[in-house]
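A closer look at the structure
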Amino acid sequence: MSKSADLRFLPETGGIYQYIFEYTVDQQYMDQPMKSNLKATFTLFVTGGEGADKVLKAKYDRFAIDMQSPSGNLSADTDQAVPGAEAIRADPSKMIGRLFHAIKGQAFTIRINQLGQVTAVGGLDSIVDHITGTIITELSLPASQQEGIRNTAAAQFNESSIRDMVQQAFYFYPGRSVKAGDRWTRNMLQQHGYPLSVTTDYTVRSIVRDLVTLDAISRLEANLEQGGLLTGEQHSVLEVDAKTGMLKSTAAEQKLKGELNGFPMEMVTKGTITGRKF
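Notes on the structure in this doc start here. (Residues numbered from 1 in each chain as written. Predicted model: local features only at pLDDT ≥ 70, side-chain atom pairs only at ≥ 80, totals over all residues. Heavy atoms only, no water.)

What follows concerns the overall build of the chain. Per the secondary structure count, the chain includes five helices and 14 strands. Whereas a compact globule of 278 residues would reach a radius of gyration of roughly 19 Å, the chain reaches 20 Å, a difference of no more than 12%. Structurally, the chain occupies a C-alpha span of about 70 × 45 × 30 Å along its principal axes. Counting all 278 residues of the chain, 44% fall into the buried class. Excluding contacts between residues fewer than 6 apart, the proportion of contacts in the chain whose partners are at least 24 apart in sequence is 55%. About 14,000 Å² of surface is accessible on the chain, with carbon and sulfur atoms providing 51% of the total. (Helix = DSSP H or I, 4+ residues; strand = E, 2+ residues; numbered from the N terminus. Rg over C-alpha atoms; globule rule 2.2 N^0.38 Å. Buried < 20%, exposed > 50% of the residue type's maximum accessible area, 1.4 Å probe, protein only. Contact = heavy atoms within 4.5 Å. Areas by Shrake-Rupley, 256 points an atom, 1.4 Å probe, with all protein chains shown as cover.)

This paragraph deals with the packing of aromatic side chains. Within the structure shown, the criterion is met by 13 aromatic pairs. On the basis of an interplanar angle of 85° and a centroid distance of 6.1 Å, the ring pair of Phe 42 and Phe 63 is categorised as edge-to-face. Of the two residues, Phe 42 is situated in strand S3 (residues 32-50) and Phe 63 in strand S4 (residues 53-69); the sequence distance between them amounts to 21 residues. Summarising the burial analysis for this pair, Phe 42 and Phe 63 share the class buried. Where Phe 172 meets Tyr 173, the ring centres are 4.0 Å apart and the plane angle is 25°; that geometry is what we call stacked. Tyr 173 shares its class with Phe 172; the two are buried. (Phe/Tyr/Trp six-rings, centres within 6.5 Å; stacked < 30°, edge-to-face > 60°.)

Residues Tyr 19, Tyr 60, Phe 108, Ile 131, Phe 170, Val 212 and Leu 214 are the most contacted members of the largest nonpolar core, which totals 57 residues. Top element by residues in this core is helix H3 (residues 124-139). It accounts for seven residues. In this view, Val 212 contacts Ala 5, Leu 7, Val 204, Ser 206, Ile 207, Leu 238, Glu 239, Val 240 and Ala 242; residues no more than four positions away in its chain are not counted. Counting residues in hydrophobic clusters, the runner-up holds twelve residues, among them Leu 220, Ala 222, Leu 224 and Met 267. (Core = buried A, V, L, I, M, F, W, Y, C linked by side-chain atoms within 4.5 Å.)

What follows is the structure, given as structure tokens:
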């Protein structure tokens, strides 16, 4: 008899998990290359439940970015020293580093159903207030610049961006018992950044003890506001704890190709998500 697992998002209340997201992005546009490396670490605290949903507190532990492009390079890491006001005035590109440091340690709440869908997000206004207040105070910014800082923070930390980030990692559960060879499909529209339509077919590769391994193939389509269309695929392998449904790891490679403003564009993204329980 084939081994089966009831695959749902069911972490135990009181559980604490750490997730590390790492991505590299290679982009080619107008014969110009751009490369980015991004890393983020979060701690998730399972604080309780509301009906069949689980409520979690997510805390930002680390952000790091290293971007190389023809227009210049950008680097920041919250594990490095905080850039001071004088350094930022001398080199405004260091503002991103100060922004990341203001985020570190901040937390928001999310409610996730058994399929991995985000049903509610809270606490983002407090994060935006903290970031804005910290930077305005440290740099003694005039009123004419304060609204710009708040708008920049709010554009990055809003319900849409958080929903997309979390569902990229967790919206894959079939919500039923599965065995090796079983398949199902999930559709998702990511709104943050640029609208990206994602249709993913999941297949159970194996179930060994409490580890479920899934293969995933995603079809991608992005209609860009600037005028253009990108299409492509993503291939992923996921490892999931059968008892709690918590993600243990994901390895993915995404390829997009098309046109932007009449010029060819290609983008290759490779990423991993690694989770562990404390």
